[in-house]
Amino acid sequence: MSKALRSVKGTRDLLPPQTAVWNAVEEIARRVFTSYGYGEIRTPVLESTDLFVRGVGESTDIVGKEMYTFADRKGRSLSLRPEATAAIGRAFVEHNLQELPLPVRLYCIGPFFRYERPQKGRYRQFFQIDAELLGDPGPHSDVEVILMLLRFLRELGLERLVVLINTVGDEASRLAYRAALVSYLEPYKDQLGEDSRRRLESNPLRILDSKAPAERQLLEGAPNLHDHLSPESREHFEQVLALLERFEVELEVAPQLVRGLDYYTRTVFEIVSQGLGSQDAIVGAGRYDRLIGDLGGPPTEAIGFAIGQDRLIDVLPESFRAAATASSPAMLIPIGDQAQVEGLALAERLRQAGIVVIAELSGRSVRSALKQANRRGARHAILLGEDEIARGEVTFRDLESGEQLALSTDDLVQRLKEST
RNA sequence: GUGAGUGUAGCUCAAUGGUAGAGCACCUGACUGUGGCUCAGGUGGUUGGGGGUUCGAAUCCCCUCACUCACCCCA
């Protein structure tokens with residue numbers, strides 16, 4: 001067992017019937033997002049490392065210690081994408097998408113990679129469902145994005161979700177607040193943990209969502225970011241809150257919510273869910289008004305969210321799971337050598353008529369074939385032996401009632417179509 | 001990167017130093033062409049790997065690997 005080949009640490013195989021749940025979630029995402037005018041974008045899994053250093057931020061943990069980074073055969077530094085937004089920003093700039101009618105609405109579903117110790121709800125390869133609205137400063141776009149997100153989650157059967165929301169202000173607000181926070185914390189420097197002391201230089205705002213009890217207490221008396229907001233940022237945030245209230249979105253303003261990516265400006269929000277253990281954020285999101293410009297594009301305000309698909313699927317109601325995995329194929333059981341080929345031909349004909357048919361291929365006994373049909377959850381069995389072939393019929397068995405009758409193949413098609 | 005817990009049959013787990021077991025699953029039969037329920041039988045194990053202590057180790061000790069959870073961080 002120790003020598004056996006296994007999937008790489010932090011990655012996993014998704015197998016049927018679980019994959020049916022994944023597909024169902026993705027189908028709903030596509031349908032809902034499409035109804036808001038979103039189109040799908042697929043960007044490469046591999047990007048140049050520089051994109052994330054510039055886009056996500058050098059001081060972030062993601063870039064600093066969690067990226068899969070390596071040199072290709074010509075020595076170029078490449079990274080597996082750790083998140084979606086920077087790459088979508090790159091594509092936006094590369095393809096001059098600002099020429100399209102703005103805002104541009106894009107969604108993306110796929111795998112992302114971070115080198116972290118795996119635990120519940122955290123994998124080295126994980127999947128995100130991501131949507132970005134580029135080219136509108138808000139606040140109405142902030143609201144539309146949140147409404148779309150909630151519509152999607154509700155369609156999955158998730159109710160009573162609380163949106164944690166905050167603003168991190170614009171550039172000017174952040175600079176002013178940053179200075180105030182640093183001068184407040186500076187005297188208490190030796191009471192801070194190692195990480196926070198480092199962040200005092202690199203990214204002081206991140207200290208705000210520290211969970212260390214001693215630091216939490218210290219932060220009670222810290223200056224409030226909301227007191228340093230520019231009038232424009234304050235106005236923006238208040239409008240977002242007012243609009244969301246109008247749409248009866250359950251909100252919780254969370255002043256300590258800062259998020260770990262450098263590109264966020266103004267509105268940031270999260271959705272957390274119970275039953276996930278300590279990795280409980282299923283959605284992380286925010287506005288990033290400077291990213292496109294920083295990546296060399298025209299100044300373009302944007303907002304987007306990332307849903308952790310792995311975690312989302314963990315909290316799906318059982319009813320959704322059951323509906324997604326429900327299947328009741330017909331089982332075709334040939335009896336005897338002669339019937340094998342006839343059976344394959346009949347199965348082909350049924351499938352052409354849109355019926356899901358599993359053919360018994362191994363020539364096992366009728367007994368064990370029926371047993372298997374039962375285990376597979378088949379609703380009907382079709383028995384085809386020499387007798388039936390001679391009469392041009394099949395024996396049709398309802399596996400729920402045990403009822404059994406002889407049918408012509410035409411009647412069989414009819415009967416199976418009716419029952420689906 | 002740090003800490004804790006767990007590794008025994010395909011799966012879920014027993015066996016606290018003395019013959020490696022049960023349930024489920026799988027195969028066969030009762031039932032020569034009829035599932036679910038039942039009954040009988042059967043296949044399946046270097047107890048994660050390596051070393052040590054001991055007359056004797058799944059069990060105690062050391063090393064190692066893997067998995068899980070938590071910290072951190074985030075989706």
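Not measured: the values here are computed from a predicted model.

1. Thoughts on the confidence of the model for chain A
Then step 1. Across chain A, pLDDT averages 90, with 99% of residues at or above 70.
Then step 2. Within chain A, strand β1 (residues 39-40) carries the highest mean pLDDT (98), whereas helix α8 (residues 213-220) carries the lowest (77).
Then step 3. Interface scoring of the predicted complex returns ipTM 0.86; its pTM is 0.91.

2. Notes on the protein's contact with RNA strand B
Then step 1. Taken together, 50 residues surround RNA strand B, and among them R259, G260, R367, E388 and L399 come closest.
Then step 2. Looking at RNA strand B alone, sugar and phosphate atoms form 53% of those within 4 Å of the protein.
Then step 3. In this structure, a sugar or linking oxygen belonging to RNA strand B sits 3.1 Å away from a main-chain N or O atom of G284.
Then step 4. Within the contact set of RNA strand B, a base oxygen lies 2.9 Å away from a side-chain nitrogen or oxygen of R311.
Then step 5. Looking at the surface near RNA strand B, the elements with two or more residues in it are β6 (125-134), β10 (281-287), β11 (302-308), α14 (366-375), α15 (386-391) and β15 (393-398).
Then step 6. Taken together, the residues of the surface near RNA strand B break down into twelve nonpolar, 15 polar and 23 charged.

3. Observations concerning the layout of surface pockets
Then step 1. Taken as a whole, the second largest pocket spans an internal volume of roughly 440 Å³.
Then step 2. Along the wall of the second largest pocket there are 20 residues; nearest its centre are E171, R174, R178, N203 and D262.
Then step 3. Elements with a minimum of two residues in the lining of the second largest pocket: α2 (49-55), α6 (171-185) and α10 (291-294).
Then step 4. In terms of residues, the lining of the second largest pocket owes the most to one element, α6, which gives four residues.

4. Looking at the pairing of strand β7 (residues 163-167)
In regular strands, side chains alternate between the two faces of the sheet.
Then step 1. Of all five residues in β7, five are buried; the element is thus mostly enclosed.
Then step 2. The side-chain alternation of β7 yields two buried faces, one formed by V163, I165 and T167 and the other by L164 and N166.
Then step 3. Bridge count for β7 against strand β8 (residues 251-253) is three bridges, and the pairing is parallel. Each residue of the ladder has a partner; that of L164, found in β8, is E252.
Then step 4. For β7 and strand β9 (residues 265-272), the ladder comprises five bridges, and the chain directions are antiparallel. Bridging across to β9, N166 finds its partner in V268.

5. Looking at the pattern of salt bridges
Then step 1. This model, assessed by the stated rule, comprises 21 salt bridges.
Then step 2. R199 is the partner of D61 in a salt bridge, and the nearest nitrogen-oxygen pair spans 3.6 Å. With D61 in helix α3 (residues 61-65) and R199 in helix α7 (residues 194-202), this residue pair connects regions lying 138 residues apart in the sequence.
Then step 3. Classification of D61 as partly exposed rests on a relative accessible area of 23%.
Then step 4. According to the relative accessible area criterion, R199 is buried, its value standing at 14%.
Then step 5. Across the pair D410 and R349 runs a salt bridge, and its minimum N-O distance is 2.6 Å. With a gap of 61 residues between them, D410 in helix α16 (residues 409-418) and R349 in helix α13 (residues 337-352) connect regions that are remote in the sequence.
Then step 6. Sharing partners across several salt bridges, the network here consists of R30, E40 and R42.

6. Observations regarding the packing of helix α1 (residues 18-35) against helix α12 (residues 318-325)
Then step 1. Contact geometry of α1 with α12 gives a least axis separation of 8 Å together with a crossing angle of 100°. The angle between the axes of α1 and α12 places the two elements in the roughly perpendicular class. Listed contacts from α12 to A20, V21, A24, V25 and I28 of α1 are F320, R321, A324 and T325.
Then step 2. For the contact of α1 with α12, a count of residues per class yields seven nonpolar, one polar and one charged.

7. Observations regarding the environment of V143
Then step 1. By the element assignment, V143 lies in helix α5 (residues 140-155).
Then step 2. On the basis of relative accessibility, which here comes to 4%, the residue V143 falls in the buried class.
Then step 3. As for V143 and A242, which are separated by 99 residues in sequence, their C-alpha atoms are 9.8 Å apart.

Criteria and cut-off values
Residues numbered from 1 in each chain as written. Chains lettered and ligands numbered in written order. Predicted model: local features only at pLDDT ≥ 70, side-chain atom pairs only at ≥ 80, totals over all residues. Heavy atoms only, no water. pLDDT = per-residue confidence, 0-100. Helix = DSSP H or I, 4+ residues; strand = E, 2+ residues; numbered from the N terminus. Near = heavy atom within 4 Å. Polar contact = N/O pair within 3.5 Å; in protein donor to acceptor, adjacent residues only side chain to side chain. Nonpolar A, V, L, I, M, F, W, Y, C, P; charged D, E, K, R; others polar. 1 Å grid on protein atoms, 1.4 Å probe; cavity = no way out; pocket = protein on both sides within 12 Å on 5 of 7 lines; lining within 4 Å. Points joined across faces, edges and corners; volume = space filled by probe spheres on them. Buried < 20%, exposed > 50% of the residue type's maximum accessible area, 1.4 Å probe, protein only. Pairing = 2+ DSSP bridges. Salt bridge = Lys/Arg side-chain N within 4 Å of Asp/Glu carboxyl O. Axes fitted to C-alpha atoms, helices over the stretch in contact; angles between N-to-C directions. Parallel < 35°, antiparallel > 145°, perpendicular 65-115°, else oblique. Contact = heavy atoms within 4.5 Å.

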